[in-house]
Amino acid sequence: MTTYWDHVDPDEFLQTDEEGYNKSIRKLFRDLVGHLQIQTILEVGCGPGVDYVGASQTRPSIDYTGVDITPQMIEHCQRLYPHGKFQLADIYSLPFADNTFELVYCKDVLNHLDTWEKGFEELHRVSQKYILVNFFYGLGATTVKEKQDHGTHINNWYDWNEVMTTLVASRPLSLVVFPRVCNSYEETLILLQKV
Ligand SMILES: C[S@@+](CC[C@H](N)C(=O)[O-])C[C@H]1O[C@@H](n2cnc3c(N)ncnc32)[C@H](O)[C@@H]1O
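Residues numbered from 1 in each chain as written. Predicted model: local features only at pLDDT ≥ 70, side-chain atom pairs only at ≥ 80, totals over all residues.

Participant: Account for the site of the ligand, with residues named and values stated.
Facilitator: Every one of the 19 residues lining the ligand counts as a neighbour, but Trp5, Gly45, Gly47, Ile69 and Thr70 are closest to it. Across the shell around the ligand, the residue classes break down as ten nonpolar, four polar and five charged. (Near = placed C-beta within 6 Å. Nonpolar A, V, L, I, M, F, W, Y, C, P; charged D, E, K, R; others polar.)

Pasting the structure below:
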C-alpha cells in the first residue's frame, strides 16, 4: 500500500524550516539528548533523518536507530548517513523486544495515525526509560477534537484532556510537558518517564 509519504521527496521534506516550528522543536530534542542519561535512542517515523543528525552531532557516541514505514525515507537515510542504523518498520508492530531503548522518540507521527493510542502502546513497550512525543498541535487547542482529512493524509487534532489522561492511564509514567510557542505554531513536546 502506498501512502502520502511515498510521494514526498526526502531531499526536500522537512529540510528547510521557514516557520521556525521544526527548528524550535528539534533544538529541544537536541538539548534533551545532551542532558538525559541515555545511550540508546529509537526514533519512530524518522523521515529523512534530520533528528538523527541533531542527535549524533550533540552526542557522537549515541546509539541511534531510526525506523519509518516509507521505503524511500529509509533508503535516503541509509544513503546519507551510513553510520546510522535505519530500517523499515510500522509503529503498530515494532520489531524490537520490550524495554530495548532508553529513549523512544516520535515526532509528528502520532497525529497522522488512525489510532494514536495503539502506536503509543508500541512506543511504551520498547522503551526502557523515556518516551518523547508530540502531536503537532500544541496544548493551546485544549478541547478540540477534529479529524482533518487533507485528501492525501490526515492530521488529527485531539482533546488534550483525553490525550493526557490516556497517556498516563493504567501505566506508571511521570510526565513533563514542554509547551512552546513559535511564530505561527503552538507546539508541545511531552517527555514521559517509566517509573
Ligand atoms: C511528518 S513526517 C515526520 C518525520 C520526522 N519525524 C521529522 O519530524 O523530521 C511523518 C513520518 O512518519 C512516517 N510514518 C507514517 N506512518 C507511519 C507508521 N505507521 N509507522 C512508521 N512511520 C510512519 C512517514 O513515513 C513520515 O516519514
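So that's the structure; there's more coming.
Participant: Outline the nonpolar core, listing residues and values.
Facilitator: Within soluble globular proteins, side chains that are nonpolar generally end up buried alongside one another. Val44, Val104, Cys106 and Leu132 are the most contacted members of the largest nonpolar core, which totals 40 residues. Tallying contributions element by element places strand 4 (residues 101-106) first for this core, with five residues. (Core = buried A, V, L, I, M, F, W, Y, C linked by C-beta atoms within 7 Å. Buried ≥ 20, exposed ≤ 12 C-beta atoms within 10 Å, placed from the backbone. Helix = DSSP H or I, 4+ residues; strand = E, 2+ residues; numbered from the N terminus.)

Participant: Give a description of the pairing of strand 1 (residues 40-44) that names residues and reports values.
Facilitator: Along strand 1, four of the five residues are buried, which leaves the element largely enclosed by surrounding structure. Once the chain exits strand 1 it traverses helix 2 (residues 50-58) before rejoining the sheet at strand 2 (residues 63-68), and the crossover so formed is right-handed. Direction of pairing for strand 1 relative to strand 4: parallel, over a ladder of three bridges. Bridging from a neighbouring strand, Glu43 pairs with Tyr105 of strand 4. (Right-handed = clockwise from strand over helix to strand, strands pointing away. Pairing = 2+ DSSP bridges.)

Participant: So, the environment of Asp108: which residues are in play, and what are the values?
Facilitator: Relative to the assigned elements, Asp108 resides in the loop between strand 4 and helix 4 (116-126). If sequence neighbours within four positions are ignored, Asp108 has contacts with Asn134 and Phe136. (Contact = placed C-beta atoms within 7 Å.)

Participant: Describe in detail helix 4, supporting the description with residues and values.
Facilitator: Within helix 4, burial applies to Trp116, Gly119, Phe120 and Leu123. Considered in projection along helix 4, the buried side chains sweep an arc of 100 degrees and stay on one side of the axis. Buried residues in helix 4 make contact with strand 1, strand 4 and strand 5 (127-134). (Arc of directions from axis to C-beta.)

Participant: Go over the pairing of strand 4 with me, naming the residues and quoting the values.
Facilitator: Across the six residues of strand 4, five count as buried, placing the element largely inside the fold. Across five bridges, the pairing between strand 4 and strand 5 is parallel. Bridging across to strand 5, Leu103 finds its partner in Tyr130. The parallel pair strand 4 and strand 5, bridged by helix 4, forms a crossover whose chirality is right-handed.

Participant: I'd like to hear about unusual backbone geometry, residue by residue, with values.
Facilitator: Even without being a glycine, Asn99 presents a positive backbone phi close to 55 degrees. Relative to the helices and strands, Asn99 is located in the loop between strand 3 (85-88) and strand 4. On the basis of neighbour counts, which here come to 13 C-beta atoms within 10 Å, the residue Asn99 falls in the partly exposed class. The phi angle at Asp108 is positive, at roughly 60 degrees, despite the residue not being glycine.

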